[in-house]
Amino acid sequence: MVRDMTQGNVTRHLLTYAVPLMFANLLQQLYQTVDSIIVGQYNGKEALAAIGAAGPIMNILIFLIVGLSLGASILMSEYFGAKDYKALKTEMATSLVSGFILTIVLSLLAFTGSGLFIRMTRTPLEIAPMASQYLKIISLGLIFTFFYNILSAGLRSIGDSRAPLYVLCLTTILHVLLAVYMVGTLHMGVQGAAYATVISQAVSSLMLFIYIKVKVPYLRLSLPELHIDMDFLKKTVDFSSISALQQTVLYIGRLLVQSGINTLGVDAVAAFNAVSIIDSYVLAPGDSLAASITTFTAQNKGGKQYHRIPKGLKTVIVM
C-alpha cells in the first residue's frame, strides 16, 4: 500500500507505517533465533556455539547491505515525496545494479576467507569447522539478502511497510519447517540451518520481485532501465557509506567482544550467542521507529513540507 506522508495526519502515518516495520524487524531476528534453537536442540551446545561464533562476521556483511539499502531508501523517499517518479526509478535501478556487484564481491570474500575469519576471532578448535561451514553457506545466500533488502527499501520509500511484513510472515514459517526438516530429519546440523536460511531468503526476494512487478508501477523496471547512472551512484555512495558505517559499527564492536569470549570455551560462546539474540529483539522496536522517521523526513523534504518534519520527530520520540 502506497503511503504519501507529505499530507494528512502525522501521528496516523507514523503509527501505521512503524507497526508493520517493527514486526518485520522482529521476524528478521527470528531467522537466527530459529537456527540457534533448532540446532541447539538437535545437535547440542557445540552447534549452537558454532552459529554464535559465525554470527558477528555474518552480521557485518548483512548490515553493510542493509546500510546500502537504507541510504538508497532515503533518496528514493525524497524523490517520491517530490513526485519525481523518473528519478525514483533511476535511483532504484542504480542501487540494484551497483548493490548487486558489491554483494557478489562480499560473497566471494566471505566464502573464500571464512576459515581465516573464524580463526581470527579465536574460535575454539572443536567448533571452528562448523562455524566456517555455516558462514560459507550463508555467504552464498547474501545475494538474496541484498535483493530482499533493496526491494523492501524501495517499497518502504513509497510508504509500503506492509508487503515486506506479509512476505516475511510466510517465509519465516517456511524457514522453521525447512530448518526442522533439514536439521531434525535429515541430520544436516548447522549446514541444514544455513541452507534453510538461504532458501527462505531466496523465496522472500522472489515474492517481493513478483509483488512489485504486478502491483507497484512506481518501482517496476524494464531491462533497458537497469543501468547505473553515475550522478545517482555518487549521491547513493555518499548516503549509503554513512548508513553502512552506522549499521556495522555495532557489529564490529560485538565481533571484538566475541573474540574475547571465544577464548573462554564452547560454553561461554553458546551463552553469549543466546543473550545476543535477546539483545537483538530489544533493539528492534527502536530501530523500526528510527527507520520510520527517516522515511517520513525524506518524503517531506522532497515534497518541501519542512514544517511537518519537527512534528514527526516529536511524535516518534513520544512513541
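A. Examining the overall build of the chain more closely. Counting its secondary structure elements, the chain contains nine helices and zero strands. Order of helices (α) and strands (β) in the chain, N terminus to C terminus: α-α-α-α-α-α-α-α-α. By principal-axis analysis of the C-alpha atoms, the chain measures approximately 60 × 45 × 35 Å. For the chain, buried positions account for 54% of its 319 residues. Considering only residue pairs separated by 6 or more positions, the chain has 82% of its internal contacts joining residues 24 or more positions apart.

B. Representation of the environment of Gln 29. Relative to the assigned elements, Gln 29 resides in helix α1 (residues 10–81). According to the relative accessible area criterion, Gln 29 is partly exposed, its value standing at 22%. Measuring from C-alpha to C-alpha, the distance between Gln 29 and Thr 16 comes to 21 Å, with 13 residues separating the pair along the chain. When near neighbours in sequence (up to four residues on either side) are disregarded, Gln 29 contacts Ser 280 and Tyr 281.

C. How the structure looks around a nonpolar patch on the surface. A surface patch of nonpolar side chains, about 440 Å² in accessible area, is lined by Phe 100, Ile 101, Ile 104, Val 105 and Leu 108. Within the secondary structure, Val 105 is located in helix α2 (residues 85–120).

D. Spotlight on the packing of aromatic side chains. As enumerated under the stated definition, the model contains seven aromatic pairs in all. Measuring from ring centre to ring centre gives 4.6 Å for Phe 63 and Tyr 251, while their planes differ by 15°; the resulting arrangement is stacked. On the criterion of sequence distance, the pair formed by Phe 63 in helix α1 and Tyr 251 in helix α7 (residues 230–262) is long-range, its members being 188 residues apart. Accessibility classification places Phe 63 together with Tyr 251 in one group, the buried group. Relative to Tyr 85, the ring of Phe 80 lies with its centre 6.1 Å away and its plane at 50°, an arrangement referred to as tilted. Put simply, the rings of Phe 80, Tyr 85 and Tyr 218 pair up and form one aromatic cluster.

E. Seen up close, the side chain of Ser 288. Here Ser 288 lies in helix α8 (residues 266–302). A distance of 2.7 Å separates a polar atom in the side chain of Ser 288 from a polar atom in the side chain of Asn 25. Those residues in contact with Ser 288 that lie beyond four places of it in its chain are Ala 18, Leu 21, Met 22 and Asn 25.

F. Local environment of the pattern of salt bridges. Applying the stated criterion across every chain yields a total of five salt bridges. The closest approach of N and O atoms between Lys 83 and Asp 4, which form a salt bridge, is 3.1 Å. Of this pair, Lys 83 sits in the loop between α1 and α2 while Asp 4 sits in the segment before α1, and the two are 79 residues apart along the sequence. The partner of Lys 45 in a salt bridge is Asp 267, with the nearest N and O atoms 2.9 Å apart. Taken as a pair, Lys 45 in helix α1 and Asp 267 in helix α8 lie far apart in primary sequence, 222 residues in all.

G. Structural detail: the environment of Leu 96. With respect to the helices and strands, Leu 96 occurs in helix α2. For Leu 96, a relative accessible area of 13% puts it in the buried group. C-alpha separation for the pair Leu 96 and Ile 127, spaced 31 residues apart in sequence, amounts to 36 Å. Setting aside anything within four residues of it in sequence, one finds Leu 96 in contact with Phe 146, Phe 147, Ile 150, Leu 221 and Leu 226.

H. Here's a closer look at α1. Taking 1.5 Å of rise per residue, 72 residues should cover 106 Å, yet α1 covers just 14 Å from first to last C-alpha, more than 12% shy of that figure. The largest bend in α1 comes to about 145°, at Asn 43. By the N-cap criterion, in which a side-chain oxygen at the helix start approaches the backbone nitrogen of a residue two or three places on, α1 is capped by Asn 9, the distance to Thr 11 being 3.1 Å. Lys 83 sits one or two residues past α1 and shows a positive phi near 65°.

I. Quick look at the packing of α1 against α8. Contact geometry for α1 and α8: axes closest at 4 Å, N-to-C directions at 10°. Between α1 and α8, the angle falls in the class roughly parallel.

J. The arrangement of unusual backbone geometry in detail. Unlike most non-glycine residues, Lys 83 shows phi in positive territory, near 65°. Residue Lys 83 is classed as partly exposed on the basis of its relative accessible area, which comes to 40%. For Arg 122, which is not a glycine, the phi torsion comes out positive at approximately 60°. Tracing the backbone through its elements, the reader meets Arg 122 in the loop between α2 and α3 (128–140).

K. Broad picture of the nonpolar core. The biggest cluster of nonpolar side chains holds 77 residues, and the ones touching the most others in it are Tyr 134 and Leu 219. For this core, the elements supplying multiple residues, two or more each, are α1, α2, α3, α4 (142–157), α5 (162–185), α6 (189–215), α7 and α8. The element contributing the most residues to this core is α1, with 27 residues. The residues touching Leu 219, leaving out its near neighbours within four places in the chain, are Leu 88, Met 92, Gly 154, Leu 155, Ile 158 and Ile 212.

Analysis parameters
Residues numbered from 1 in each chain as written. Predicted model: local features only at pLDDT ≥ 70, side-chain atom pairs only at ≥ 80, totals over all residues. Heavy atoms only, no water. Helix = DSSP H or I, 4+ residues; strand = E, 2+ residues; numbered from the N terminus. Buried < 20%, exposed > 50% of the residue type's maximum accessible area, 1.4 Å probe, protein only. Contact = heavy atoms within 4.5 Å. Patch = residues over 30% accessible without salt bridge, like charges linked within 9 Å, V, L, I, M, F, W, Y side chains within 5 Å. Areas by Shrake-Rupley, 256 points an atom, 1.4 Å probe, with all protein chains shown as cover. Salt bridge = Lys/Arg side-chain N within 4 Å of Asp/Glu carboxyl O. Phe/Tyr/Trp six-rings, centres within 6.5 Å; stacked < 30°, edge-to-face > 60°. Polar contact = N/O pair within 3.5 Å; in protein donor to acceptor, adjacent residues only side chain to side chain. Expected span 1.5 Å × (residues − 1). Bend = angle between axes of the 7 residues up to and from the residue. Axes fitted to C-alpha atoms, helices over the stretch in contact; angles between N-to-C directions. Parallel < 35°, antiparallel > 145°, perpendicular 65-115°, else oblique. Core = buried A, V, L, I, M, F, W, Y, C linked by side-chain atoms within 4.5 Å.

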